[in-house]
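# A look at the structure
Here's the letter readout for the chains.
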Amino acid sequence: MAVVLPDAVATPRSVTILGATGSVGRNTIDLIKRNPADFVVEAITGGSNAALLAEQALLLRPRFVAIADKNAYPALKEALSGSGIEVAAGAGAIIAAAERPSNWVMASIVGAAGLAPTLAAVRRGGIVALANKESLVCAGDLMMREVARSGATLLPVDSEHNAIYQVFDFERQDGVEELILTASGGPFRELTRDAMAAVTPEQAVAHPNWDMGAKISIDSATMMNKGLELIEAHHLFAMPEERISILVHPQSVIHSLVRYRDGSVLAQLGQPDMRTPIAYTLAWPERMDVPVDRLDLAALARLEFATPDTVRFPALKLAREALRAGGTAPTVLNAANEVAVAGFLAGRIGFLDITNLVDHIVAELSHYAVDSLDMVLAADIEARVRAGEFIDSKTT
Ligand code: NDP
Ligand code: MG
């Protein structure tokens, strides 16, 4: 990945936040509000939460606000009437927000819904802070090709990838032997498969270390999150699947590690607070003050590590296989997982059904090479339809 210093290093930096109303979006706004002289906000977007998006708009005074859900448009328009802020709705409006001229874009929409807007931001060049891992999972080759073509600087927000980014020698990549992604193991790290069969959505979203949106919290509980992150790391750091390993580390203090050919291992450590990796991307290539608790290793006293259990957490194996298969296999894995997670959150399927469904859909659908956004979206939709039918057949 090319690291170039774009004009974007200007102050104040103009920023766009895609997914402003989410967990990452709200943390980003928290940091921007603490440093008002350093940022001007060009655009913010939300999915359907018009009330929060309007509140954020009145606080940040962006030029443009877009909401994906057209039904939420009247409420948003009404709340911002007389403010002078331009308001729009629909999937096209989210892409329009991404296309607006800003130096820095936070891509923090959840799921494959973030793909087209993130790609639109990448195509403009500039800095793209990437939280939306699903866009790299479902269209990694396409996305990285566009990054290279546009000269965009893609800065990972995901804490593991942000950690690797901070210790990865981009100038001498052949010195890197292995990437080691740490995983907390989620709330069910010690549960048997039998016990997992009975867990509720409320138990599954309660992550022991991180406070995140519902979808990624469920992914952490199944460990599909780590599987998605494996694919994300493969694309971000051009690293083959067999040279990326996963290490369970329940305290989430070491955010990830890079092993070099000479045996050196470099890691980045910090509190499990997303404001640190977000701030890294917001201030990049400088650093900014962040009011997170300082890490006190003496107080922590010990850090633990373990090998992941792919029998209890088959998602890790499924993601590796999809990455090896290539083409649309990761696209299908991601889409089936999104449908399964939504089905679990809606109480339609059980916890273990999530990975069973993903396994079934990836095995059922044929995988092929893709070279355009339309082809990726077609594979994504096909997998969603099949996954939906599968859930319907089990629940009716
Ligand atoms: P949230 O669910 O909290 O927020 C998602 C955001 O996307 C919200 O702004 C939501 O709007 C918006 N959104 C939902 N659907 C659509 C849509 N169809 N079109 C446009 N916008 C939409 O998620 P998180 O903030 O937790 O996660 C965001 C991304 O960051 C994910 O890809 C996740 O994997 C990644 N990530 C998150 C971390 C975290 O700590 N939360 C850590 C590492 C990565 P609305 O609120 O209106 O529904
Ligand atoms: Mg992560």
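Coordinates for the structure precede this section.
Residues numbered from 1 in each chain as written. Chains lettered and ligands numbered in written order. Predicted model: local features only at pLDDT ≥ 70, side-chain atom pairs only at ≥ 80, totals over all residues. Heavy atoms only, no water.

The coordination sphere of the magnesium ion (ligand 2) contains the protein donors Asp-158 (OD), Glu-160 (OE) and Glu-229 (OE), at a distance range of 2.0 to 2.2 Å. Donor residues for the magnesium ion (ligand 2) sit on one chain with the sequence pattern D-x1-E-x68-E. Of this pair, Asp-158 sits in the loop between strand 7 (153-156) and helix 7 (159-167) while Glu-229 sits in helix 11 (residues 224-236); the two residues are 71 residues apart in sequence, bridging distant segments of the chain. We classify Asp-158 as buried; its relative accessible area is 7%. Take Glu-229: its relative accessible area is 1%, and that puts it in the buried class. (Donors = N, O, S within 2.8 Å, 3.2 Å for Na, K, Ca; no water. Helix = DSSP H or I, 4+ residues; strand = E, 2+ residues; numbered from the N terminus. Buried < 20%, exposed > 50% of the residue type's maximum accessible area, 1.4 Å probe, protein only.)

All right, on to the site of ligand 1 then. Residues in close proximity to ligand 1 total 24 residues, the closest being Thr-21, Gly-47, Ser-48, Asn-49 and Glu-134. Interatomic distance of 2.7 Å between a backbone N/O atom of Ser-48 and an oxygen atom of ligand 1. For ligand 1, an oxygen atom lies 2.6 Å from a polar atom in the side chain of Glu-134. For ligand 1, whose unbound accessible area comes to 900 Å², protein coverage reaches 83%. Put simply, the parts of the chain that give the shell around ligand 1 at least two residues each are helix 1 (23-34) and helix 6 (133-150). In terms of residue class, the shell around ligand 1 is made up of 10 nonpolar, 11 polar and 3 charged. Looking at the shell around ligand 1, you find at least three residues from each of domain 1 (13-157) and domain 2 (168-271 + 294-313). (Near = heavy atom within 4 Å. Polar contact = N/O pair within 3.5 Å; in protein donor to acceptor, adjacent residues only side chain to side chain. Areas by Shrake-Rupley, 256 points an atom, 1.4 Å probe, with all protein chains shown as cover. Nonpolar A, V, L, I, M, F, W, Y, C, P; charged D, E, K, R; others polar. Domains from an automatic or database assignment.)

Moving on, we get to the sheet that holds strand 10 (residues 254-260). Within the open sheet, the 4 strands sit side by side as 9-8-10-11. Their pairing is mixed. Across the chains shown, the open sheet's two edge strands, defined by having one partner strand only, are strand 9 (244-248) and strand 11 (265-269). Between one strand and the next, the sheet's axes are offset by a mean angle of 20 degrees, whatever the strand orientation. Pairing analysis gives 5 bridges linking strand 8 (residues 176-183) to strand 10, with the strands arranged antiparallel. Across the sheet, the residue bridging to Ile-180 is Leu-257, located in strand 10. (Pairing = 2+ DSSP bridges. Axes fitted to C-alpha atoms, helices over the stretch in contact; angles between N-to-C directions.)

By themselves, these are just geometric observations and shouldn't be taken as functional.
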